[in-house]
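If you want the building blocks of each chain, they are given just below.
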Amino acid sequence: MNIHKMKNLSAVLILMLCLCGCSGNSLNGSYVSEDGRYEIKFNDDGICTWYQDGAFFNGTYDKTDDGWQLEITGNGLYSNTVFNAIEDDGNLIISGGVVDNGCFIKQ
């Protein structure tokens, strides 16, 4: 194999590794708590919206070593809150604020 083909192959492999590594760094879609009281919608750009008590609250989320950290603004109605979420069979287990290890089911 000549040097140009090896460079092209290396570039393709690096791109594939980057794409594979990035795919698990975001959430997308809606999750609802088992009791139906809370819902959270995730965009794949790191933005999320928390629905509670007939209101919605904007936030962001970031990938951590073992899950995600969600930062939700309270909009003056509630305190700003940090939640932690981990995946469990396609659903999320969320803890923080008003939720203690609550199972949120993927919609």
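What counts as what
Residues numbered from 1 in each chain as written. Predicted model: local features only at pLDDT ≥ 70, side-chain atom pairs only at ≥ 80, totals over all residues. Heavy atoms only, no water. Helix = DSSP H or I, 4+ residues; strand = E, 2+ residues; numbered from the N terminus. Buried < 20%, exposed > 50% of the residue type's maximum accessible area, 1.4 Å probe, protein only. Contact = heavy atoms within 4.5 Å. Areas by Shrake-Rupley, 256 points an atom, 1.4 Å probe, with all protein chains shown as cover. Salt bridge = Lys/Arg side-chain N within 4 Å of Asp/Glu carboxyl O.

Colleague: How would you explain the overall build of the protein chain if you had to name every residue and give the values?
Modeller: Of regular secondary structure, the protein chain possesses one helix and eight strands. The secondary structure elements of the protein chain, listed N-terminal to C-terminal, are α-β-β-β-β-β-β-β-β. By the burial criterion, 32% of the 107 residues in the protein chain qualify as buried. Counted over contacts in the protein chain with a minimum sequence separation of 6, partners at least 24 positions apart contribute 25%. Here the protein chain displays about 7000 Å² of accessible surface, and carbon together with sulfur accounts for 53% of that area.

Colleague: Tell me about the pattern of salt bridges, and please be specific about residues and values.
Modeller: A complete count under the given rule lists one salt bridge for this structure. Between Arg37 and Asp53 there is a salt bridge, with the nearest N and O atoms lying 3.7 Å from each other. Taken together, the residues Arg37 in the loop between strand S1 (29-33) and strand S2 (38-42) and Asp53 in the loop between strand S3 (47-52) and strand S4 (55-63) connect sequence positions 16 residues apart.

Colleague: Describe in detail the environment of Ile72, supporting the description with residues and values.
Modeller: Within the secondary structure, Ile72 is located in strand S5 (residues 68-72). Separated by 25 residues in sequence, Ile72 and Ile47 place their C-alpha atoms 9.9 Å apart. With near-sequence residues (within four places) excluded, Ile72 lies in contact with Ile40, Cys48, Trp50, Phe57, Asn58, Gly59, Asn80, Thr81 and Phe83.

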